[in-house]
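Here is how the chains run, residue by residue.
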Amino acid sequence: MGHVTQALLVVGSEECGRLEALRRYASDNAIALTEVAESRFVQSPAEFMGEQQHLLAVLTDEQLPGYLDIAERLGCVLGVVPREKQTRLHEWFNLPRNVDEAIALACSDQPQKIDVLRCNGETTLGLVMVGETPFLDGRSKAFQNRGHSLIEQWLYRLALIWLSVLNLFKIKPFPVYLTTTRENALHTAITGLVAIENDIRGPAARLMGTRLEVQDGLISTLVIAPKSVGEYLGFLLRGIFQGEQPLAKLPRAVSFIRCPELTLESEVPLAYFIDGKPREAKRIELKLHAKALLMNVSEVYFSRGDSKEVHRTEQLPRNEERLKMIEAHLPLFTHALEEEFRDLFVILRDMARPHSTFLTLMVLSAIVASLGLFLSSPAVIIGAMVLAPLMAPIISLAMGLLRGDRGMLEQSLKTIGIGMCLAMGTAAMVALLVPIERITNEIAGRLQPNLLDLGVAIASGIAGAYANVREDVAKSVSGVAIAVALVPPLCVSGIGLGWLDWHVFSGSMLLFLTNLVGIALAAALTFLFLGYAPFQRARRGLSVSLVLLVLVSIPLTVSFVEITKHWQIEKLAAGQVFILDGKEISLSNVQVSLKGKRIVLHADVLSRSGVTYSEMKRLKAQLERELEQPIELELTPRISL
């Protein structure tokens, strides 16, 4: 690499020997230096440059923008030696950290043309930030030190979380008109904007969903425009816990634009920052001046990549109804728009009616489920689940609860009631026709519901509501999920009616009611989360559902506690060896059940010789002492050879 023969050197305060090192390099390489004091030069740079074509200076991060303006205006080459600890010059322009290498590059006779980004006419080195985007600023010490150790990395993330939580309570979208080379004054509302020029390794750049390039003649801009607090939280979490690589996909709250010019206008002054310096204006103009000036930079500085314009603005809120929603305050969940309401309500109102198809499938699914229960065949019961049409009116019921729509509520309840009567009536007739009155494993599994069954109902309700809102999710997914919780217990209740067995009827009916309430509440909350009703309107319906859920949860909790106790008894009985008169006895295939209020323990007794009746009685007494409660034993002796 060659060097210039003469240059103008701007002299500021002494910089720990860097000026002296520059003078020595010039002397050693026969470079004629003309020196001028910085205070005089900045007042009249053209006068001092004269015929000179190369300008040398030892600069800070803050001084460089002014010298870039001078170099562009005078058409000269700028050679820069960074002062000590000027991290942005090293990172953004790839200037060498070694002093000798930096001086050699500054005096090179092979300058490069570089782009210059200006915001409202002011030169920008790294980025422009508009609005509240605290964790996207890479100037903090925590960000600079994040890679030093795992502790530093987590300290950085904790600092971001704290800043983000504080910001969450004051976040508020502001209306703007966004104009680009393709968009003509788009009216939208945003919470922040970051325009990047050289800061392509900072936290904002990693959210772009693409690899950024410098010196491509374009401005890379991140527009943050969440439609709800939920979307904003998702954006924060992805931004905080992302790795060092760019995200594969933009968060829903973010849009990405890459173009040479961008304008942001507002009716009120907007606060913005140019490389951390605060500014304020109603109109913010970003313009990229391609190949605007000559500067000595290394080849490493120039990226080699795509220079096409990008306009990923689909996520920006545009609908006037949406803008009114979010400009007043950012809602907790993204609200659905009127046209989305209209289409879904038409579907749900139709789903709430007992059509002939509903009635036919209800009877067929009940027949299949009842026969499967008698056969104790899970495969046959699953077939009944596929046929079951109860999903439709329950989802309509959930929306009726959420919106307080009395007509939809009444019609949904009527249809659900008809479906219940058909299922139980059909199952009762099957029970009368089948000459078997035996509680199979599949029937017994639905006689003692507990809190785990409530969890199944809640998951099914979420799946059902989500599938009906999202067209890309097959409706059959929610149909199967909800049928899992409803069809079998209804048929067990019908079998209990056919047998006139209150225990069978009541246990399975409790399971059905549990799942009905859980599904309806979970689906309603899912619709609320998806924005199909404001919380104020949904409060009454949700309150009623919660009261019913609490009432149903009481017997479920009692049952769950009992099941837990039974499991502990089974574990204790099966997990030890009993010594009776020197004989080792163990229990296998241990099962615990209730006979009225008595605990019955069923097990096989294993020993190397026969077990007598008196030994079984002593075994019963020993178990009662260890369990601290009376039990009833039903034992089957087995000999281990």
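Placed above this text is the structure.
If you're wondering where the values come from, they're calculated on a predicted model, not measured in any experiment. (Residues numbered from 1 in each chain as written. Predicted model: local features only at pLDDT ≥ 70, side-chain atom pairs only at ≥ 80, totals over all residues. Heavy atoms only, no water.)

A. Quick look at the overall build of the protein chain. Secondary structure summary: the protein chain contains 21 helices and 19 strands in total. Across the 641 residues that make up the protein chain, the buried fraction comes to 51%. Within the protein chain, counting contacts between residues at least 6 apart in sequence, those at least 24 apart form 74% of the total. Surface accessibility of the protein chain: about 30400 Å² in total, with carbon and sulfur atoms responsible for 58%. (Helix = DSSP H or I, 4+ residues; strand = E, 2+ residues; numbered from the N terminus. Buried < 20%, exposed > 50% of the residue type's maximum accessible area, 1.4 Å probe, protein only. Contact = heavy atoms within 4.5 Å. Areas by Shrake-Rupley, 256 points an atom, 1.4 Å probe, with all protein chains shown as cover.)

B. Just helix α4 (residues 64-74), in detail. Listed as buried for α4 are Leu 64, Pro 65, Tyr 67, Leu 68, Ile 70 and Ala 71. Where α4 terminates, the next one or two residues include Gly 75, which has phi positive at roughly 70°.

C. Inspection of a nonpolar patch on the surface at higher detail. A grouping of Val 544, Val 547, Leu 548, Leu 551, Ile 554 and Val 558 is seen on the molecular surface, where their side chains present a nonpolar patch of about 530 Å² in accessible area. Within the secondary structure, Leu 548 is located in helix α20 (residues 535-574). (Patch = residues over 30% accessible without salt bridge, like charges linked within 9 Å, V, L, I, M, F, W, Y side chains within 5 Å. Salt bridge = Lys/Arg side-chain N within 4 Å of Asp/Glu carboxyl O.)

D. Highlighting the pattern of salt bridges. With the rule as written, the count across this model stands at 10 salt bridges. Among the ionic pairs, Arg 23 bridges to Glu 35, the shortest N-O distance being 2.8 Å. Taken as a pair, Arg 23 in helix α1 (residues 18-28) and Glu 35 in strand β2 (residues 32-37) lie far apart in primary sequence, 12 residues in all. Here Glu 35 falls in the partly exposed class, since its relative accessible area comes to 40%. The residue Arg 279 makes a salt bridge to Glu 122 at a minimum N-O spacing of 2.7 Å. On the criterion of sequence distance, the pair formed by Arg 279 in strand β14 (residues 277-295) and Glu 122 in strand β6 (residues 122-124) is long-range, its members being 157 residues apart. On the basis of relative accessibility, which here comes to 24%, the residue Glu 122 falls in the partly exposed class. Overlapping salt bridges, with partners in common, bring together Glu 20, Arg 23 and Glu 35 in one network.

E. Spotlight on the packing of aromatic side chains. Considering all chains together, one arrives at four aromatic pairs under this definition. Ring centres of Trp 502 and Phe 505 lie 5.7 Å apart, and the angle between their planes is 40°; this geometry places the pair in the tilted category. One end of the pair, Trp 502, and the other, Phe 505, are both in helix α19 (residues 502-529), three residues apart, so they sit about a helical turn from each other. Exposure remark for Trp 502: the relative accessible area of 63% places this residue in the exposed category. (Phe/Tyr/Trp six-rings, centres within 6.5 Å; stacked < 30°, edge-to-face > 60°.)

F. Fine view of unusual backbone geometry. The phi dihedral of Asn 94 falls on the positive side, at around 55°, and the residue is not glycine. Structurally, Asn 94 is set in the loop between α5 (87-93) and α6 (99-106). Using a relative accessible area of 21% as the deciding quantity, one classes Asn 94 as partly exposed. Despite not being glycine, Leu 500 has its phi angle at roughly 55°, a positive value. With respect to the element layout, Leu 500 can be found in the loop between α18 (475-499) and α19. Residue classification places Leu 500 among the exposed positions, given a relative accessible area of 78%.

G. Seen up close, the nonpolar core. Counting residues in each nonpolar core, the largest one holds 51 residues, and the members touching the most others are Phe 41, Leu 55, Leu 64, Leu 78, Phe 93, Ile 114 and Met 295. Sorting elements by how many residues they give to this core places α4 first, with five residues. For Leu 55, the residues in contact, after removing those within four places along its chain, are Leu 8, Val 10, Phe 41, Met 49, Tyr 67, Ile 70, Cys 76, Val 77, Leu 78 and Gly 79. Grouped together as the second largest cluster of nonpolar side chains are 40 residues, Met 362, Ala 423, Ala 427 and Ile 519 included. (Core = buried A, V, L, I, M, F, W, Y, C linked by side-chain atoms within 4.5 Å.)

H. Fine view of the packing of helix α12 (residues 356-375) against helix α15 (residues 406-433). With their axes 9 Å apart at the nearest point, α12 and α15 run at an angle of 40° to one another. When the axes of α12 and α15 are compared, the pair comes out oblique. Handedness of the crossing formed by α12 with α15: right-handed. On the side of α12, the interface is formed by Phe 358, Leu 359, Met 362, Val 363, Ala 366, Ile 367, Ser 370, Leu 371 and Phe 374, while α15 contributes Thr 415, Ile 418, Gly 419, Leu 422, Ala 423, Thr 426, Ala 427, Val 430 and Ala 431. When grouped by side-chain class, the residues that make up the contact of α12 with α15 number 14 nonpolar, four polar and no charged. (Axes fitted to C-alpha atoms, helices over the stretch in contact; angles between N-to-C directions. Parallel < 35°, antiparallel > 145°, perpendicular 65-115°, else oblique. Left-handed = near helix turned anticlockwise from the far one by under 90°. Nonpolar A, V, L, I, M, F, W, Y, C, P; charged D, E, K, R; others polar.)

I. Structural context of the pairing of strand β5 (residues 112-119). Of all eight residues in β5, six are buried; the element is thus mostly enclosed. Bridge count for β5 against β6 is three bridges, and the pairing is antiparallel. Its bridge partner being in β6, Cys 119 is matched across the sheet by Glu 122. Adjacent in sequence and paired antiparallel, β5 and β6 are bridged by two residues, among which Asn 120 carries a positive phi angle near 50°. (Pairing = 2+ DSSP bridges.)

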